[in-house]
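Each chain is listed here by its residues.
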Amino acid sequence: MAGAPGLSTVTVEASDWRDAAQDVAVSGGRLLALWGTGPGTGPYTVRMIVLVPDGAAVFVARAEHGKPAFPGIEDIFPAASRMQRAMRDLNGIETTDPDTRPWLRHAAWSPGTWPLAMRDLPCAPPQPVQNYDFVRVEGDGVHEIAVGPVHAGIIEPGHFRFSVVGEKVLRLEERLGYVHKGIERRFGETPIRAGHRLAARVSGDSAVAYAWAYCQAHEGMTGTRIPDRAAWLRALALELERIANHLGDLGALGNDAGFAFGLSQFLRLKEGVLRASERALGQRYLNDFVVPGGVRTDLTRQGAATLQECTESLGLEVRRLRDIYDEHSGVRDRFLGTGTVMPELATRLGLIGLAGRASGCAFDLRCDLPCEPYAALAPRKCGSTDGDVLARVAIRFDELLESLRLVQVILAHMPPDDPIATLVPDAADGTVGIGLIEGWRGPVAVALEAGPEGTIRRCHPHDPSCNNWPVLEHAIIGNIVPDFPLINKSFNLSYSGHDL
Amino acid sequence: MLKTLRQIARVGIVTETPPAPDEELRVRETLERSIRQMLGRALCIRQVDAGSCNGCELEIHALGNALYNVEALGIRFVASPRHADLLLVTGPVSRHMEVALRRTYDATPDPKLVVAVGDCGACGGVFGEGYASLGAVSNVIPVDVVVPGCPPTPTRLLQGILTAITAPRMASARTPGT
């Protein structure tokens, strides 16, 4: 398996699937992604990517006797539950786990048809909206609040079912899948050389991370080494994406705590970064910047000066605003102790990425499994063990300032006079590559399998939101309903990246 | 508190001049010309994400920042379609959002305007049409103005919204003659 550095492949029998997962869990590893393939040219196959303390590994198991059934592992990795349900909806692969409710399938396709397992998909007749079997909480004074899919703001759609007593939340259950638009099947209709454009639109806020992960997989399976300058430019784009998103979130978090000043200040700074990106690299959001073999546009000396100036003044402004956030007792009161996920729970549920680092799960691909040029850049890993909204705000401030430093290091040390892209040869039929990139939200994975004549046989993009959505259900327990927007924003998970 | 006030004074007013409407974005002339007279420039918008990748939402958010400052133009984003004059819809419309989008449209009081946002809202974009995607917003509800782009810039979005609420220039020039 080629692509991300430090990635090993382990093939196991389907009957040993649980033992393999158990071994990973015992050694301190956690599940990143799980997905199914087939039946195409081969048998039904299940793969999982796990992050272990000293690297990452891909486990592969093929179904025995052609039966699409595998042992379930949700008791070992709770995050596996929804991934297994999605696999059943899309591929018809069953597991032995008890929750068999559909997850990504609402009404777009009928039970008994599988979008990723059938060449010709019968067009489902229009179906009424199905009732979903939410877990009911019963007791004196318990009532339900149903929210969504269309929310009261400029947000993606999803449904939340709260069971509450008074204003205290006893339980939250999420119902996602509303923005499922068939991305994985769409990859099968896309030439492998054009797939990065679709990958960049899996979750628009993480476009650089996805496009890079896709290209890393593609380049890995074709044995392509991209020019050094291209790798540095990708890192520049990835850090600019992180900076823009963190600025937006810090503003929105202030706003959700009743501090509109924060929103207006941080959105002004974010706009400054987007305009600097446009002047220096040609796009406000760099969703077509990373291309197979390198990047699309070079950074001119003038562009570098623009970014240098932007990041320098930004550092000053961010520190000034952090001071104001820290000293504002009303804001602190809303952030402190709200939506807490203690490290023990975070580890058990497999919280990852930015939210994980705020709850003691100190893993960052840029530090722990660095691809070029992160080994040379040596980013500082930020972390906390408090696990509340305040901790997730603090991590954003820390990472934002670190990214500003990284941008300046990149601008100062980028290899000059190097080409910005190289040719990527054709990928051989059946080769598999996996890309792993630390986006602003957490680790983004893209698993790519080539088909014949420049086609894609299977491409599975994985968003860290899939791992963290179930943890949000725990973070809200015992908090009050009006704090949900704040807690939700402090995670800021992707619906599109989850629903695919 | 003093630091907050000092920061407000230091930044000052950064709002920029809004763009002019652009007739090229208009795809349909609403029969209800009165809507524009009634609204003037006090407009309530309900944004609906009907399946987008969230890229368009980032730029729609930017409309509210101090530089584009749509609130100063009398444009407000509201929490319910029942309070809205205009729906700002991003696509592609997923089949799982089809019912919710239709219901949102029906809940919006007449006369109403619809602006479809982004390449996906315009034609399905990279996602196209498939088992789970219905593509363009106009495949599901009537659309007045389309703002293409991936994502469209805030300036383009604002142009689209202003085009929707101003009378069609061509039509108004033609009317006296007919």
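Here the structure is a predicted model, which means the values were calculated and not measured. (Residues numbered from 1 in each chain as written. Chains lettered and ligands numbered in written order. Predicted model: local features only at pLDDT ≥ 70, side-chain atom pairs only at ≥ 80, totals over all residues.)

Colleague: Which parts of the structure should I look at to understand the overall build of chain A?
Modeller: When helices and strands are tallied, chain A shows 17 helices and 15 strands. What you see for chain A is a C-alpha radius of gyration of 22 Å, in line with the 23 Å of a compact globule of 500 residues. Its C-alpha atoms give chain A principal-axis dimensions of roughly 65 × 60 × 45 Å. The 500 residues of chain A split such that 56% are buried. Sequence-distant contacts in chain A: of pairs separated by 6 or more residues, those separated by 24 or more amount to 67%. (Helix = DSSP H or I, 4+ residues; strand = E, 2+ residues; numbered from the N terminus. Rg over C-alpha atoms; globule rule 2.2 N^0.38 Å. Buried ≥ 20, exposed ≤ 12 C-beta atoms within 10 Å, placed from the backbone. Contact = placed C-beta atoms within 7 Å.)

Colleague: What am I meant to see in the overall build of chain B here?
Modeller: Tallying secondary structure elements over chain B gives seven helices and five strands in all. Relative to its full complement of 178 residues, chain B shows a buried share of 51%. Within chain B, contacts between residues at least 6 apart in sequence are counted, and of these 83% link residues at least 24 apart.

Colleague: Any chance you could explain the confidence of the model for chain B here in plain terms?
Modeller: Note: predicted coordinates in regions of low pLDDT should not be interpreted at a detailed level. Overall, the prediction assigns chain B a mean pLDDT of 86, with 86% of residues at 70 or greater. Scoring the predicted complex yields pTM 0.93 and, for the interface, ipTM 0.91. (pLDDT = per-residue confidence, 0-100.)

Colleague: How should I be thinking about the interface of chain A and chain B in this particular structure?
Modeller: Interface size is commonly expressed as the accessible area that is lost once the parts come together. Listed as interface residues are 44 residues of chain A and, on the opposing side, 42 residues of chain B. Elements with a contribution of two residues or more to the side of chain A that touches chain B: helix 3 (183–187), helix 4 (195–199), helix 7 (260–281) and helix 8 (301–327) of chain A. In terms of residues, the side of chain A that touches chain B owes the most to one element, helix 7 of chain A, which gives six residues. Looking at the side of chain A that touches chain B, its residues break down into 20 nonpolar, 12 polar and 12 charged. (Nonpolar A, V, L, I, M, F, W, Y, C, P; charged D, E, K, R; others polar.)

Colleague: Sorry if this is basic, but what is going on with unusual backbone geometry here?
Modeller: A:Pro149 follows A:Gly148 through a cis peptide bond whose omega is 15°. If you trace the backbone, A:Pro149 turns up in the loop between strand 8 (142–147) and strand 9 (159–165). Of note, the phi angle at A:Glu453 is positive, near 55°, even though the residue is not glycine. Within the fold, A:Glu453 resides in the loop between strand 14 (443–450) and strand 15 (456–462). For A:Glu453, a count of 9 C-beta atoms within 10 Å puts it in the exposed group. One non-glycine residue, B:Asn54, lies in the positive phi region at around 85°. Position of B:Asn54 relative to the elements: it lies in the loop between strand 1 (43–49) and helix 3 (55–62).

Colleague: What's the story with the packing of helix 8 of chain A against helix 14 (residues 389–413) of chain A in this structure? I'm lost.
Modeller: Each pair of packed helices gets described by two things: the angle between the helix axes and the distance between those axes. All names here are of chain A. One way to put it is that helix 8 packs onto helix 14 with a least axis distance of 10 Å and a crossing angle of 155°. Classed by the angle they form, the pair helix 8 and helix 14 counts as roughly antiparallel. Relative to helix 14, helix 8 is oriented so that their crossing is left-handed. On the side of helix 8, the interface is formed by Ala304, Leu307, Gln308, Thr311, Leu314, Gly315, Val318 and Arg322, while helix 14 contributes Phe397, Leu400, Leu401, Leu404, Val407, Gln408 and Leu411. Here the residues of the contact of helix 8 with helix 14 are counted per class, giving 10 nonpolar, four polar and one charged. (Axes fitted to C-alpha atoms, helices over the stretch in contact; angles between N-to-C directions. Parallel < 35°, antiparallel > 145°, perpendicular 65-115°, else oblique. Left-handed = near helix turned anticlockwise from the far one by under 90°.)

Colleague: Help me understand the pairing of strand 1 of chain B in this model?
Modeller: Look at any regular strand and the pattern is simple: side chains alternate between the two faces of the sheet. Residues and elements named next belong to chain B. The buried count for strand 1 comes to six of seven residues, which makes it a mostly enclosed element. In terms of strand pairing, strand 1 meets strand 2 (residues 75–77) through three bridges, oriented parallel. Directly across from Cys44, in strand 2, lies its bridge partner Arg76. Once the chain exits strand 1 it traverses helix 3 before rejoining the sheet at strand 2, and the crossover so formed is right-handed. (Pairing = 2+ DSSP bridges. Right-handed = clockwise from strand over helix to strand, strands pointing away.)

Colleague: What exactly am I supposed to notice about helix 2 (residues 80–91) of chain A here?
Modeller: Along an α-helix, residues three or four positions apart point the same way, because every turn accommodates 3.6 residues. All names here are of chain A. Helix length check: helix 2, at 12 residues, gives a terminal C-alpha distance of 16 Å against a target of 16 Å (1.5 Å per residue), a fit within 8%. On its buried face, helix 2 sits against strand 3 (30–37), strand 7 (94–95), helix 3 and helix 15 (465–475). Gly92 sits one or two residues past helix 2 and shows a positive phi near 75°. (Expected span 1.5 Å × (residues − 1).)

Colleague: Explanation requested: the environment of A:Ser490 in the structure shown.
Modeller: All names here are of chain A. By the secondary structure assignment, Ser490 is in helix 16 (residues 484–491). Among the residues examined, Ser490 registers 27 C-beta atoms within 10 Å and is labelled buried. Sequence separation of Ser490 and Ile73 is 417 residues, and the distance between their C-alpha atoms is 29 Å. Ser490 has contacts with Leu253, Gly339, Val389, Arg392 and Val393, leaving out every residue within four places of it along the chain.

Colleague: Is there a simple way to explain the sheet that holds strand 3 of chain A in this structure?
Modeller: Working definition: the strands of a sheet are paired by backbone hydrogen bonds and lie parallel or antiparallel to each other. Residue and element names in this part refer to chain A. Here four strands make up an open sheet; going across it, the order is 2-5-4-3 and the pairing mixed. Looking at the sheet topology across the chains shown, the edges are occupied by strand 2 (7–13) and strand 3. Neighbouring strand axes in the sheet, compared pairwise and without regard to direction, differ in orientation by 20° on average. Examined bridge by bridge, strand 2 and strand 5 (residues 55–62) share seven bridges and lie parallel to one another. For Thr11, the partnering residue across the bridge sits in strand 5 and is Val60.

Colleague: Looking at this model, I keep getting lost on the sheet that holds strand 5 (residues 145–147) of chain B. Mind explaining?
Modeller: Residue and element names in this part refer to chain B. Reading across the sheet, the five strands line up as 2-1-3-4-5 and stay open at both edges, with parallel pairing between neighbours. At either margin of the open sheet sits one strand with a lone partner, and together these are strand 2 and strand 5. On average, each strand axis in the sheet is tilted by 25° relative to the strand beside it, whichever way the strands run.

Colleague: What is the right way to look at the packing of helix 8 of chain A against helix 1 (residues 2–11) of chain B in this model?
Modeller: In the contact formed by helix 8 of chain A and helix 1 of chain B, the axes pass within 9 Å of each other and the chain directions differ by 145°. Note on packing geometry: the crossing formed by helix 8 of chain A with helix 1 of chain B is left-handed. For the pair formed by helix 8 of chain A and helix 1 of chain B, the contact residues are A:Arg320, A:Asp323 and A:Ile324 on the first element and B:Lys3, B:Thr4 and B:Gln7 on the second. Classifying every residue of the contact of helix 8 of chain A with helix 1 of chain B by side-chain character gives one nonpolar, two polar and three charged.

Colleague: Just to check I follow, could you spell out the nonpolar core for this structure?
Modeller: Across soluble globular proteins, you tend to see nonpolar side chains buried next to one another. Ranked by internal contacts, the top residues of the largest apolar core, which has 204 residues, are A:Tyr210, A:Ala213 and B:Val115. Top element by residues in this core is helix 6 (residues 228–256) of chain A. It accounts for 15 residues. Aside from chain neighbours lying at most four places away, what touches B:Val115 is B:Leu86, B:Leu88, B:Asp144, B:Val145, B:Val147, B:Gly160, B:Ile161 and B:Ala164. (Core = buried A, V, L, I, M, F, W, Y, C linked by C-beta atoms within 7 Å.)

Colleague: In this structure, what is going on with the domain arrangement of chain A? I would like to understand it.
Modeller: Residues and elements named next belong to chain A. Split by domain assignment, chain A resolves into domain 1 (2–95), domain 2 (142–175) and domain 3 (183–499). Computed over C-alpha atoms only, the centres of domain 1 and domain 3 are separated by 25 Å. Residues belonging to the side of domain 1 that touches domain 3 are distributed by class as follows: 17 nonpolar, five polar and three charged. (Domains from an automatic or database assignment.)

Colleague: Mind showing me how you'd approach helix 5 (residues 207–221) of chain A here?
Modeller: Residues and elements named next belong to chain A. For helix 5, spanning 15 residues, the distance from its first C-alpha to its last is 21 Å, which sits close to the expected 21 Å at 1.5 Å a residue. Counting buried positions along helix 5 yields 15 of 15 residues, so the element is predominantly enclosed. At the C-terminal side of helix 5, Gly223 shows a positive phi close to 65°.

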